[in-house]
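# Notes for the structure review
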Amino acid sequence: MSVDETSRAAAHTSVRFRCISGDSKETILRQVMDSDDLGRVTKRIAHEIAERNHGLDEVVLLGIPTRGKPFADRIAAALSDIHGAGFTAGSLDVGMYRDDIDIRPRARIGPTDIPELLDGKTVVLADDVLFTGRTIRAALDALADLGRPSAVQLAVVIDRGHRELPIRADYVGKNIPTSLTEHVSVRFLGIDDEDGVWIGQSEPA
Amino acid sequence: MTRLPELVIKGGSVLTEDGMARLDVRIVDGRVAELAADLDGSTIVDASDAWVGPGFVDLHTHLRDPGELWKEDIGTGTAAAAAGGYTAVVAMPNTVPTIDNAQTATYVSEQGRNVGSADVYPAGAITLGRQGERMAHIDEMWHAGVRLFTDDGTSVTNSSVLRLAMEYVKNLGGVVAQHAVDSSMSATGFMHEGAVSSRLGMPGIPAVAEEIVIARDLALVRLTGVNYHAQHVSTARGVELIAEAKSEGLPVTAEVTPHHLEFDHTDVASTDPDFKMMPPLRTADDRQALADGLRSGVIDVVATDHAPHAAREKEVPFEDAPNGVLGLEWAGPVAGKIIGLDPTRFFAVMAVAPARIAQIPDHGLPIGVGNVANITVFAPAETWTPTTTRSRSRNAPYFGMSLTGRTTATIRNGRVAHGGAI
Amino acid sequence: MNDLLTTEDLPRQVIEKLLVDAESFVEVLSRPIPKVPALRGKTVATMFFEPSTRTRLSFEKAAKALSADTMSFSPATSSLSKGESLKDTALTVHAMGVDLMVVRHGSTGAPWRVAEWLDVPVVNGGDGAHQHPTQALADCLTITQRFGSLEGLRIAIVGDVRHSRVARSNMYAFHSLGASVTLVGPPTLLPVEIDGWPANTSTDLDAILDEVDVVYLLRVQTERGGGSVFPSLPEYADRYGMTGARFGRLKPEAVVLHPGPMNRGVEIAHDVADDERSLVLLQVSNGVAARMAVLFELLGGDQVA
């Protein structure tokens, strides 16, 4: 269970708990997507991106670290398969743009790697889980400092509801309604031991 | 004049002229009237599990009075002294104005009589204003009762001036005491020069700064024959020099402070200004040599160098802080830990030798019928943790430390000055 | 991490985390808008009791790049310094509403006292000859950028080690990251009693020149050290300066660092100072990024330690 998701979830629930790295509090984990499922939704989303944007010429794909980046890389690989050309994803760190530093002193910052100028392009942001929307709001702020894209779209593996801001995803792998005490963990082989999506029931502190 | 209440000190082990004895002590009209078993009286001082001996005498106290009353005055300083078991203190002359004349000396001793909880014997400066250039009014101070002369806070660097003063004091029969730290080295350092100062990047004062002053002074003692007292010895080499001088038969005595017995330069690593003293805390080896010297008698007395400074003066960076810490209330347990359960030696270093060196009458005497009742009751096994002080200041490194040994009562001139009565 | 006062007991993982963060901030500083809102609404105060323009500006730039507000207080030059104690000054500045205090002072330990008196994070901007932890982090960043890591590197710190807080801070940090450090200088400028320090010592720079990967030159300090601790500047330059000849004997990948300001012609020759392998300007820009990482970590970052 990553620190990111847990603490992201924790900050926005009335039930606050601490997750010390490596020490997960959930007791029940149920798997809702396996490796094949993840592969299927990634491919579908790649197709949708290409179709919606009439090709990839104006598209810049940026993953939001930590787990938005492997998702973006897989979308990029699928897009390369579709179009027979190498397509790579960059990354956009939002740790420095969060609005909740005071109440959530665990903001990690990760690398920002913008592969090309953003002006006039369509930026497709990729993240693993869409929850309150605050991460995406921070990403929009960061993009504003980096250039002037003509449009911004959002691709997520899981939309778990509970938005606190008027933000929606354009491409969704799966909609999973959750309660606030649950947390959603998307894992990618490479940085985790396996692919898949799990939902855990977290204990209050 | 009201009669002093009769006191009986019950249940203690008493240091008499013939050694330690389990006796009760009756005090009438300010003097010891009776030494016997199972005495009764109207006012009892409980001395069970305690030693009863001469009230401690401190050869080295800074009362800051006259002139620096925000740090301490004779009232608060002697209250702290009494709480620590002292019935007499020798007040250092680095007051404002300096005790370098009869009027200032008289003010101090009279103020001690008026408001003091212990008897105050002023020391006199060796030079005017402690400037190191011209002799102070030694003769008139002598006639005002001063017996010990020191420029403490500074060392007398001019050998010619020091030699003349030594001859003068020798002629009167007094004692010249020296703050043995070379001034040029102490001016450019803030702690002991060694492994800790290196790590901290802090300019240090090498051990040799003490050695060169003591060595030079001993040569002058050899020449003049004056009674010489080395103040706050802090180095192993200093102890060696004193030992050599004594075996040569020179009239030399020496003191060590409680903080030099208890701490070393590793305690300065935190740069807490409550560990800043002059001379500075030195190495563990120096500390061991001081303890050995105290036990063997090379070092004659424990003297506190009680040096109050207001909180705002010490709450500054280490290098900017004034030197010195309090000591009167905790010297007993620190000395007791080094000496061990040897009450004769304990009272020797805390009371008997200091009174003799400073030529103070009626203090430092074994408990004997007819002697003025300046008596301390000291419980050598009582453990306690200091959290408060009677001083006006609070600059001490002992708060929160567990200490073993405690003064439970102090009787000065037949009156209870601290603790005691049931 | 509540304060950053020293590198002496700073765990390796904390240093590495700060360096990773600092790399992100290097990227931020290269953007057209070199600013992020991470510390918006926070106030960073600098209290510099020793004159210093470079370090103070570096901290202010770091704070501003994070969108924090800054307050700068230099009692050495202000009338407030008359009779007002360090404690009073610190409490006064704090009462104006600061979230973090950077303290530079000529006396060892001063930042520790300030940290005792205030409940906000304190960063040591340099105390006496003792520590200068943010300089060490910036220098670790520079070396990491050049070599990938400090593990196994041989680093010589050359000059007035005895009176240098940069030498002490850097030595501990370099050692923590796996480098082996040699302190080089004339005997009067090496500290006394350094058994137990994580470094070797030498008084002969030429003997080790061809083995080192990094030569870290210290500034010859005439304002500290109380006067003449070595015979003359030309003699120093001759025996311990990074002359053109010495530079030529270094390994081809070896680099030269200097905390600045440089005494050209004394500890470093003119040509060497301007060479591509002298990383002095990079040290300065990395200084801002490293300080951004420290401020971010103390005021809202991931609590690693």
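Note that this is a predicted model, so its numbers are computed, not measured.

So, on to the sheet that holds strand β14 (residues 252-256) of chain B. Residues and elements named next belong to chain B. Taking strand neighbours across the sheet as the criterion, the 5 strands line up as β9-β10-β13-β14-β15 in an open arrangement whose pairing is parallel. Strand pairing shows two members of the sheet lacking a second neighbour, β9 (148-149) and β15 (301-302), which therefore form its edges. As judged from the 4 bridges shared by strand β10 (residues 175-178) and strand β13 (residues 227-230), these two strands associate in the parallel manner. Bridging from a neighbouring strand, V175 pairs with N227 of β13. Of the strands in this sheet, β13 and β14 are in contact with helix α8 (residues 236-247), which crosses β14 at around 155°.

The next thing to look at is the pairing of strand β4 (residues 122-127) of chain C. All names here are of chain C. Across the 6 residues of β4, 6 count as buried, placing the element largely inside the fold. Taken together, the 4 bridges between strand β3 (residues 100-105) and β4 define a ladder with parallel strand orientation. Among the inter-strand pairings, V102 is bridged to a residue of β4, identified as V123. Taken together, β3, helix α4 (residues 110-117) and β4 form a β-α-β motif whose crossover is right-handed.

Most contacts, compared over the 2 pairs of chains touching, are made between chains B and C. For chain A and chain B, which are not in contact, the least C-alpha distance works out to 30 Å.

On to the side chain of C:D139. Residue and element names in this part refer to chain C. Within the fold, D139 resides in helix α5 (residues 133-147). Despite its burial, D139 pairs with no opposite charge; the closest candidate is R291, at 8.1 Å N-O. Look past the residues within four positions of D139 in its chain and what remains in contact with it is N170, F174, Y216, L257 and Q283.

To continue, consider unusual backbone geometry. The residue after B:V96, namely B:P97, is reached through a cis peptide bond having omega 0°. Checked against the element boundaries, B:P97 lands in the loop between β7 (86-91) and α2 (102-115). Between C:G260 and C:P261 the backbone carries a cis peptide bond, its omega angle lying at -10°. When you line up the elements, C:P261 lands in the loop between β9 (255-257) and α10 (270-274). Although it is not a glycine, A:H54 adopts a positive phi angle of roughly 55°. In this structure, B:D362 is a non-glycine residue whose phi angle is positive, near 65°.

Analysis parameters
Residues numbered from 1 in each chain as written. Chains lettered and ligands numbered in written order. Predicted model: local features only at pLDDT ≥ 70, side-chain atom pairs only at ≥ 80, totals over all residues. Heavy atoms only, no water. Pairing = 2+ DSSP bridges. Helix = DSSP H or I, 4+ residues; strand = E, 2+ residues; numbered from the N terminus. Contact = heavy atoms within 4.5 Å. Axes fitted to C-alpha atoms, helices over the stretch in contact; angles between N-to-C directions. Buried < 20%, exposed > 50% of the residue type's maximum accessible area, 1.4 Å probe, protein only. Right-handed = clockwise from strand over helix to strand, strands pointing away. Lys, Arg positive; Asp, Glu negative; His and termini not counted. Salt bridge = Lys/Arg side-chain N within 4 Å of Asp/Glu carboxyl O.

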